[in-house]
Amino acid sequence: MDTSAPVRILTVCTGNICRSPVAERLLQAGLDQVVPGGFQVASAGTRALVGEPMQPISADIVRTFGGDPEGFAARQLTPKILRGVDLVLTMTSGHRGEVLQLDASLLKRTFTIREFARMLDVLDQRAAGADTQRAAGADSQPAAVVSSRDPSSGDAGSGTHGSDAEGGLAANAALWRGLAARAAGVRHLSLPADASDNDIVDPYRRAPEVYREMEDQLAPAIVSILRHARLNFPAGGQ
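The model shown is predicted, which means the values in this text are computed figures rather than measured ones.

Draft legend 1. Structural context of the packing of helix α2 (residues 56-64) against helix α8 (residues 208-232). Two elements in contact, α2 and α8, have axes separated by 10 Å at closest approach and are oriented at 40 degrees. Our classification of the angle between α2 and α8 gives oblique. Where α2 crosses over α8, the handedness of that crossing is right-handed. Contacts between α2 and α8 involve Ile-57, Ser-58 and Ile-61 from the first element and Pro-208, Tyr-211, Met-214 and Glu-215 from the second. Class assignment of the residues belonging to the contact of α2 with α8 gives a composition of five nonpolar, one polar and one charged.

Draft legend 2. Local environment of the sheet that holds strand β2 (residues 39-45). The four strands lie next to each other as β2-β1-β3-β4, forming an open sheet whose pairing is parallel. Strand pairing shows two members of the sheet lacking a second neighbour, β2 and β4 (110-112), which therefore form its edges. The mean inter-strand angle of the sheet, taken between neighbouring strand axes irrespective of direction, is 25 degrees. Of the strand pairs in this sheet, strand β1 (residues 7-13) and β2 are connected by seven bridges, and their pairing is parallel. Across the sheet, residue Arg-8 finds its bridge partner in β2, namely Gln-40. Most of the contacts of helix α4 (residues 93-102) go to β4, to which it runs at about 165 degrees, and overall it touches β1, β3 (87-90) and β4.

Draft legend 3. The arrangement of the environment of Ala-221 in detail. Looking at the element boundaries, Ala-221 is found in helix α8. With a relative accessible area of 5%, Ala-221 lands in the buried category. Considering only alpha carbons, one finds Ala-221 and Thr-112, 109 residues apart in sequence, at a separation of 10.0 Å. Not counting residues up to four positions away in its chain, the partners in contact with Ala-221 are Ile-113, Arg-114 and Ala-117.

Draft legend 4. Layout of the nonpolar core. If you look at the biggest cluster of nonpolar residues, it comprises 49 residues, and the most contacted ones within it are Ile-9, Leu-27, Leu-89, Ile-113, Phe-116 and Trp-176. The element that contributes the greatest number of residues to this core is α8, accounting for nine residues. Excluding its chain neighbours within four sequence positions, the residues that come into contact with Trp-176 are Val-7, Ile-9, Phe-39, Leu-87, Phe-116, Ile-225, His-228 and Ala-229.

Draft legend 5. Just the layout of surface pockets, in detail. Taken as a whole, the largest pocket holds about 210 Å³ of empty space. The wall of the largest pocket is formed by Leu-26, Ala-29, Gly-30, Gln-33, Val-34, Phe-65, Gly-66, Ala-219, Ile-222, Val-223 and Leu-226. Among the secondary structure elements, those contributing two or more residues to the lining of the largest pocket are α1 (19-34) and α8. At five residues, the largest contribution of residues to the lining of the largest pocket is made by α1. Considering only residue class, the lining of the largest pocket consists of eight nonpolar, three polar and no charged.

Draft legend 6. Local environment of empty space enclosed by the protein. What the rule picks out here adds up to one cavity of 30 Å³ or more. Approximately 50 Å³ is the volume attributed to the largest cavity. Lining of the largest cavity is provided by Val-22, Leu-26, Ile-61, Phe-65, Met-214, Glu-215, Leu-218, Ala-219 and Ile-222. Secondary-structure elements contributing two or more residues to the lining of the largest cavity are α1 and α8. Per-element tally for the lining of the largest cavity: the top contributor is α8, with five residues. Along the lines of polarity and charge, the residues of the lining of the largest cavity split into eight nonpolar, no polar and one charged.

Draft legend 7. Spotlight on α4. Among all positions in α4, only His-95, Val-99 and Leu-100 are buried. Buried positions in α4, seen along its axis, are confined to an arc of 140 degrees and lie on one side of it. The secondary structure elements touched by the buried residues of α4 are β1, α1, α3 (79-82), β3 and β4. Between the side-chain oxygen at the start of α4 and the backbone nitrogen of Gly-94 there is a gap of 3.3 Å, and the oxygen is on Thr-92.

Cut-offs applied
- Residues numbered from 1 in each chain as written.
- Predicted model: local features only at pLDDT ≥ 70, side-chain atom pairs only at ≥ 80, totals over all residues.
- Heavy atoms only, no water.
- Axes fitted to C-alpha atoms, helices over the stretch in contact; angles between N-to-C directions.
- Helix = DSSP H or I, 4+ residues; strand = E, 2+ residues; numbered from the N terminus.
- Parallel < 35°, antiparallel > 145°, perpendicular 65-115°, else oblique.
- Left-handed = near helix turned anticlockwise from the far one by under 90°.
- Contact = heavy atoms within 4.5 Å.
- Nonpolar A, V, L, I, M, F, W, Y, C, P; charged D, E, K, R; others polar.
- Pairing = 2+ DSSP bridges.
- Buried < 20%, exposed > 50% of the residue type's maximum accessible area, 1.4 Å probe, protein only.
- Core = buried A, V, L, I, M, F, W, Y, C linked by side-chain atoms within 4.5 Å.
- 1 Å grid on protein atoms, 1.4 Å probe; cavity = no way out; pocket = protein on both sides within 12 Å on 5 of 7 lines; lining within 4 Å.
- Points joined across faces, edges and corners; volume = space filled by probe spheres on them.
- Arc of directions from axis to C-beta.
- Polar contact = N/O pair within 3.5 Å; in protein donor to acceptor, adjacent residues only side chain to side chain.

Laid out in structure tokens, this is it:
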């Protein structure tokens, strides 16, 4: 595998015209800002309305948050689409089950998007706590000795920008390809009060208020995922 290849994320719902397209386009737009070229986000539906565009209200939500809904066409979820995917984010627990019926090998890489976002929040809270402890420890230590490297030696910044960028992409890909296991390790700390809190409501053929409910459930999860990407992009990779 090309270690610098983009991390492949697939979002899944039922018809692939309301929920998963919003997640796809907003995740792609946000991740492109954090790690240009580092992610490839797509979507599919378990009973897709193949070839249909995104629903108009879903498209409006995408535009509101800075994404681009144009050129979208619904796809049916197939084993071929799942092949080589690094992370599957479903809109409900039921969709997760349907993904695993198609490819059981994805068991440890498939989550509902709200569940996955809560896990990332726990990981980020732990990391912030560890950083605070390290900073407190550093305050009690003598000041570090300034590096004796000769700035005129040319070791720093001489023709390394391209390789640094490639190295950053590879490090980011490695981090995300190991993220599912780390996230699963804190699942017990991110359980919802109600199992339904893992799901995103289906607004298809329902009132605009249900689309707003979908937005209210989906947007915080997307923000958590984008925040984790920003906080954890390998240093020196940009």
